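Structure at a glance
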Amino acid sequence: MSAPPPLAKAYETLRAKILQRLLDMRTTIDPALGRLDEVSARAQISAVLDHLGNFLATGDLGLHRAFLHTFMAMRAAEAQSPAAVLAMLVAIGDTAAQVAQEEGAGTLLGSELTLLLTRVTTSTARAINDLIAEELDRRLGQWHELAAIERKGPRA
């Protein structure tokens, strides 16, 4: 899903507006972001927006999944559920698309960027759901292994 350079450049020109909109509504996006000071919230949102820009420019799905996996782990360390991470990332993507739509109203570039951001948000949600499913499958496998060991009983 590699973006032609004009779309990646158009995103970069809107990035500051997207960031400000997200900061203004951070409590609505994620209550955990609302509890952070502005500098910390800015850093977390900026990391996502930076990655979004890289993904728009490269279309590298493997790198995207790796970022999402790391981001989920970081948020899990802050006691955030995968569902909360998913909701936050979708809200960031939706907000980016909304800003692109508003700023590019009536232009082909604005329409194409809005569509691309919507597709990236969908891909992000799908990737997060896949990562969650993979983790649940891994845990289920561990549970089966432990249950088998328990059924065998203690060794003499």
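Please refer to the structure placed before this passage.
Here the structure is a predicted model, which is why all the values come from computation and not from measurement.

**Looking at the overall build of the chain**
When helices and strands are counted, the chain shows seven helices and zero strands. Secondary structure of the chain in N-to-C order comes out as α-α-α-α-α-α-α. In terms of overall size, the chain is more extended than a compact globule, its C-alpha atoms giving a radius of gyration of 19 Å where 156 residues would be expected to give roughly 15 Å. By principal-axis analysis of the C-alpha atoms, the chain measures approximately 75 × 35 × 20 Å. A buried classification covers 39% of the 156 residues belonging to the chain. Across the chain, contacts joining residues at least 24 apart in sequence account for 68% of those joining residues at least 6 apart. Accessible area for the chain stands at about 9000 Å²; split by element, carbon and sulfur atoms hold 59% of it. Where the 16 positive side-chain charges of the chain centre and where its 18 negative ones centre are 4 Å apart.

**Regarding the packing of helix α1 (residues 5-24) against helix α7 (residues 108-152)**
At a closest axis distance of 10 Å, the pairing of α1 and α7 adopts a crossing angle of 90 degrees. In terms of orientation, α1 lies roughly perpendicular with respect to α7. Taking contact as the criterion, the partners of P6, L7, A10, Y11 and L14 in α1 are, on α7, L109, E112, L113, L116 and L117. In terms of residue class, the contact of α1 with α7 is built from nine nonpolar, no polar and one charged.

**Quick look at unusual backbone geometry**
In this structure, A79 takes a positive phi of about 65 degrees despite not being glycine. Judged by its relative accessible area of 70%, A79 is exposed.

**Notes on the pattern of salt bridges**
Counted by the stated rule, this structure contains nine salt bridges. R139 is paired through a salt bridge with E135; the nearest N and O atoms lie 2.8 Å apart. Taken together, the residues R139 and E135, both in helix α7 and four residues apart, mark about one turn of the helix. Beyond isolated ion pairs, a larger network of salt bridges with shared partners links D30, R75 and E78.

**With respect to the nonpolar core**
Where a protein is soluble and globular, its nonpolar side chains tend to be buried together. Y11, I18, L49, L52, L113 and L117 are the most contacted members of the largest nonpolar core, which totals 39 residues. Taken together, the elements giving at least two residues each to this core come down to α1, α4 (38-58), α5 (61-77), α6 (82-103) and α7. Take this core: its biggest share by element is 10 residues, from α6.

**Focus on α4**
Its 21 residues give α4 an end-to-end C-alpha distance of 30 Å, which sits within 8% of 30 Å, the value for a rise of 1.5 Å per residue. Among all positions of α4, only A41, Q44, I45, S46, V48, L49, H51, L52, G53, F55 and L56 are buried. On its buried face, α4 is in contact with α1, α2 (26-29), α3 (31-35), α5, α6 and α7. For α4, the side-chain oxygen to backbone nitrogen distance between the N-cap and V39 is 3.1 Å, and the N-cap itself is D37. Taken from the residues just after α4, G59 is the one with a positive phi, measuring 70 degrees.

**Some remarks on α1**
One turn of the α-helix equals 3.6 residues, which is why residues spaced by three or four share an orientation. Here α1 is 20 residues long and its end C-alpha atoms lie 29 Å apart, about the 28 Å a rise of 1.5 Å per residue gives. Bending of α1 peaks at approximately 45 degrees at the position of L14. Here α1 has its buried residues at L7, A8, A10, Y11, L14, R15, I18, L19, L22 and L23. Contacts made by the buried residues of α1 are with α2, α4, α6 and α7.

Each value, and the rule that gives it
- Residues numbered from 1 in each chain as written.
- Predicted model: local features only at pLDDT ≥ 70, side-chain atom pairs only at ≥ 80, totals over all residues.
- Heavy atoms only, no water.
- Helix = DSSP H or I, 4+ residues; strand = E, 2+ residues; numbered from the N terminus.
- Rg over C-alpha atoms; globule rule 2.2 N^0.38 Å.
- Buried < 20%, exposed > 50% of the residue type's maximum accessible area, 1.4 Å probe, protein only.
- Contact = heavy atoms within 4.5 Å.
- Areas by Shrake-Rupley, 256 points an atom, 1.4 Å probe, with all protein chains shown as cover.
- Lys, Arg positive; Asp, Glu negative; His and termini not counted.
- Charge placed at Lys NZ, Arg CZ, Asp CG, Glu CD.
- Axes fitted to C-alpha atoms, helices over the stretch in contact; angles between N-to-C directions.
- Parallel < 35°, antiparallel > 145°, perpendicular 65-115°, else oblique.
- Nonpolar A, V, L, I, M, F, W, Y, C, P; charged D, E, K, R; others polar.
- Salt bridge = Lys/Arg side-chain N within 4 Å of Asp/Glu carboxyl O.
- Core = buried A, V, L, I, M, F, W, Y, C linked by side-chain atoms within 4.5 Å.
- Expected span 1.5 Å × (residues − 1).
- Polar contact = N/O pair within 3.5 Å; in protein donor to acceptor, adjacent residues only side chain to side chain.
- Bend = angle between axes of the 7 residues up to and from the residue.

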